[in-house]
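# Survey of secondary and tertiary structure
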Amino acid sequence: MMQTITCECGHSNPYGTSLCQACGKPLKQDVEILSSMRYEGSARRSQTYKQTLVDKIWNFFSSVKVGVWLIVIILVAAAIGTIFPQETFIPPNVDPATHYESEYGTLGLIYYLLGFHNLYGSWWFILLLGMLGLSIIIASLDRGIPLYKALKTQRVTRHDQFMKNQRLFSKSSDVELDEIKYTLESLRYKVREENGNLFAEKGRFSRWGAYVNHVGLIIFLTGAMLRFFPGMYVDDILWVREGEKASIPGTSSEEGQYYLENNDFILEMYDKEEKKFNSALSSVDGEVAKNYQSNVTLYKTKENHTIGAEPELEKVKSGEIRVNEPFKFDSFALYQTDFKLNEFYKMSFELEEKATGNKFGKLTVDLHDPKKEYDLGDGYKVKIEEYFPNFVLNDQNQPSTVNNLPDNPAFVFSMYSPKTPEGEKAFVGIQKNIDSGENQFKMTFAGIETKDLTALTVRKDHTLWIIALGGIIFMIGVTQGLYWNYRRIWIKQNAGEVWAAAHTNKNWYGLKKDVEFLSDKTNLTPLEEKETASK
Amino acid sequence: MAEISSTLLYSAFIIYLFSTLFFAMSISDKKGKDAVHTKKWGKIGFISSCVGFAAQLGYFITRWMASGHAPVSNLFEFTTFFGMMMVLAFIILYIIYRTNGLGVFAMPIAVLVIAYASMFPRDISPLIPALQSDWLKIHVTTAALGEGILAISFVSGLIYLIRTVDQTVSSKKTLWLEIILYSLIAVVGFIFVSIGFKGVGYETTFEMMDDNNQAVKVVYDMPAIAGPSNGEQLDDSFGPLFRTPSWMNGVDASIKLNTFIWSLLAGAALYGLLRLILRKRIAAALQTKVKMKPDLLDEISYRAVAIGFPIFTLGALIFAMIWAQQAWSRFWGWDPKEVWALITFLFYAAFLHLRLSRGWHGEKSAWLCVLGFWIITFNLIAVNLVLVGLHSYA
């Protein structure tokens, strides 16, 4: 495979080269010089080897056509994914299998069955992204490396055929070479001279823009994939009641476990009377939120903490968490995500004799941790037989609970007194108090305490810096490739005549202005534009 | 301060209209005095677009002072700013290429964008907690600038098509070109019907059941062609001709559909009127006026993409991701607005690859620029108004 082609200028080119790297002479027949200039007619693997399976895979992924198709397929799929909400945006307590059909009809069902409800996490979408990544890598290697070699090897003196076939070309006589050189340098071209011929170039680095931005994209995609490795990424939610401490999920390590105390949750609304926003606020029903804030204190257990034992906590720091202002510690950050106001916390009851209205003591039930039995003294006591934190009648019309949140607490109490040592049962819930009708005693509602809750997202993301690096490199590459362009002007002495040719990879308008300036300032015949085949 | 601000915006709007007129004067064909005439009116057009831009910048600054936050926080403010960035992009490209013809199309389209913006509530609104960040101004302004520059590639591509599509025979191309022009006219239609029905104070009310089976009142400010998906009309006004399909369940979906239908109808009426007056396709009528070199138009539209793409990427994706990380704890969440920004990015990435590596110049490239602008406006309008997501705060 180390076969090379030696050009008449003496330069030895890799097998597969179509334009000599040094002088630009076509090395094959039927080479269209101008369109080959896109990659300098260099020997690209994909254009040279087409036999084996590896060649075929390489050639498939190196094709820009394939790359563009991948982009278009991803684009269309992504667009379809926005027609109906993704699974993560539908209410948490519904079954997607029925939700899409009931909300959006047949189209919704089809959407669900084809897997568009979870498009961006689906295997085929990720496969497409992977293929695009592969295409970016292979297409860049296939073009970038030969292009680099060709541009590095290019000589000042170019072959006649190369010169003649450029889009901008002219022949002159009587030209002061020094004047041309001086003018080109004043346009900030880098000018080289060889045997009375000139080669001026400007902005070669812009040719690397495409490859730099592709490197950035690959780093970005790699960063995004690293999330799936354990330890790189934590995404959890933490609910804490006011005045309580909770262990922060994902923060356990040999150095201990973090705890967070919610000192206060603050919800502020805009004042409707505020003059500045008066007209906007009066046109909406309800209020507009101004601030969601949790005032918290961070604690950490001592180093040799054993799990299960009552933790000994040391205060680390206090802080305020608002939307847009996360609370950071170690590699973690806590974000204000949600809240719940006035959650039932403690409920109080009194034991009352129905006939007399006499009361025999009060009990307060912690709705998160109810006791089995409350002794009220003098032989009076109340037992909790059953507790339904979030009461509902189930399919069989039996009392049950939706979940463990005390949103609608209900109890089956057994009430004991010296008069009723056997106990009397009653079912008590919010605005419900049901017994057999023969009870002498009843439980009377005597007050409720509530607490606010805050919900914080617990996040650790070790992939962020990789993603950021990828983003920065991409931006550098894309700017360098699109805001600059590689302009080249060749001047060649040819049997008493002076030939001039010019080329750029983009912005012909800018190049034309340069060569106009050049022919204005010197005796050079203005370069004329050739109608190109690509139009 | 708020009054000064509105006055400045209004002035900018009028100056832009005049600027359009001046640019049109510059390309108007008067024998004998071509060069001088063109140069003179082109210069006046350019200066007036700069003055208009300065006035609008004044609106932006005074509104910022009045509200205490960058005025890019709701649909009116953002869309107005987008129009202003289109003008800025036009000014930049005019400085590079000195083409008066571009102004004839770019300025009225910017005017249309601003007029469209002012159909939304214009009150100075307070910022919800998610928007209270410096990234609001950084992300939104950069994204809008990128989109404004990309919009110029559309303008230039559109002129290219008007200039080059063969109008002697009726073809798919002439049809699509008319559809594009019709959609621009439909925006004018939208503005007419909005102002018209507001002017006469039209109102009709429906009572419908919402998702929670609560009876709610739905107030239309245009006669109801598309009624709500359920419920009854409470007055004897012009009744709905059909019900909005129930799967369209965004906020006030039926009102939006109804307004959309009215805009299309008004657009059709205007379009029909123009066809009657011109007695040929609108693009054919415009073709006789447009003398710009196709090569230059192609160059401008490509250059606009080359300048706009990195700015768009920076503003609409990178800054967006930084902010999303800070506000929502994740830099990417597949929210519809995010997805459509990605789609825009992918589209222009495909455009650049097709152009650089596969030689899609000229007409193909021009059609793509038109399609790209369609994606941008879809993201601007439909994603906020129709699709449900974190960005539907307008």
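Residues numbered from 1 in each chain as written. Chains lettered and ligands numbered in written order. Predicted model: local features only at pLDDT ≥ 70, side-chain atom pairs only at ≥ 80, totals over all residues. Heavy atoms only, no water.

What follows deals with the overall build of chain B. Each helix and strand counted, chain B has 11 helices and five strands in total. For chain B, whose C-alpha radius of gyration is 22 Å, the value lies close to the compact-globule estimate of 21 Å for 394 residues. C-alpha atoms of chain B, sized along the principal axes, occupy 70 × 50 × 45 Å. If you take every contact in chain B between residues at least 6 apart in sequence, the share linking residues at least 24 apart comes to 73%. Here chain B displays about 16600 Å² of accessible surface, and carbon together with sulfur accounts for 67% of that area. Looking at charge distribution, chain B has the averaged site of its 30 positive side-chain charges lying 16 Å from that of its 24 negative ones. (Helix = DSSP H or I, 4+ residues; strand = E, 2+ residues; numbered from the N terminus. Rg over C-alpha atoms; globule rule 2.2 N^0.38 Å. Contact = heavy atoms within 4.5 Å. Areas by Shrake-Rupley, 256 points an atom, 1.4 Å probe, with all protein chains shown as cover. Lys, Arg positive; Asp, Glu negative; His and termini not counted. Charge placed at Lys NZ, Arg CZ, Asp CG, Glu CD.)

This paragraph deals with a negative patch on the surface. On the surface, Asp174, Glu176, Asp178 and Glu179 of chain A cluster together to form a negatively charged patch. Note on placement: aspartate 174 of chain A falls in the loop between strand E3 (168-172) and helix H8 (177-186). (Patch = residues over 30% accessible without salt bridge, like charges linked within 9 Å, V, L, I, M, F, W, Y side chains within 5 Å. Salt bridge = Lys/Arg side-chain N within 4 Å of Asp/Glu carboxyl O.)

For the rest of this paragraph, the subject is the interface of chain B and chain A. If you look at the interface, chain B gives 61 residues, while chain A gives 55 residues. With both chains or domains summed, chain B and chain A bury close to 4900 Å², and 65% of this area falls on carbon and sulfur atoms. Ranking the residues of chain B by area buried against chain A places Pro126, Pro129 and Trp334 of chain B at the top, with a combined share of 12%. Taken together, the connections running from chain B to chain A amount to 15 residue pairs in polar contact (both at pLDDT 80 or more). Within the residue set of the side of chain B that touches chain A, elements represented by two or more residues are helix H2 (34-67), helix H3 (75-97), helix H9 (294-328) and helix H10 (336-358) of chain B. No other element matches H9 of chain B, which puts 18 residues into the side of chain B that touches chain A. A breakdown of the residues in the side of chain B that touches chain A according to their chemical character gives 38 nonpolar, 16 polar and seven charged. (Buried area = accessible area lost by both parts, 1.4 Å probe. Polar contact = N/O pair within 3.5 Å; in protein donor to acceptor, adjacent residues only side chain to side chain. Nonpolar A, V, L, I, M, F, W, Y, C, P; charged D, E, K, R; others polar.)

Its domain assignment divides chain A into domain 1 (44-151), domain 2 (156-203 + 485-529), domain 3 (233-341 + 455-461) and domain 4 (345-448). Relative placement of domain 2 of chain A and domain 3 of chain A: their C-alpha centres are 66 Å apart. (Domains from an automatic or database assignment.)

It is worth spelling out H3 of chain B at this point. Residues and elements named next belong to chain B. In a regular helix each residue adds 1.5 Å, so 23 residues correspond to 33 Å; H3 covers 32 Å between its end C-alpha atoms and thus fits that length. Among the 23 residues in H3, 19 count as buried, and that is most of the element. Phi turns positive one or two residues past the end of H3, at arginine 98, with a value near 50°. (Expected span 1.5 Å × (residues − 1). Buried < 20%, exposed > 50% of the residue type's maximum accessible area, 1.4 Å probe, protein only.)

Read across the sheet, three strands follow the order E2-E1-E4 (chain B) without closing on themselves; strand pairing throughout is antiparallel. The open sheet has two edge strands, strand E2 (215-220) and strand E4 (232-233) of chain B, and neither has a second partner. (Pairing = 2+ DSSP bridges.)

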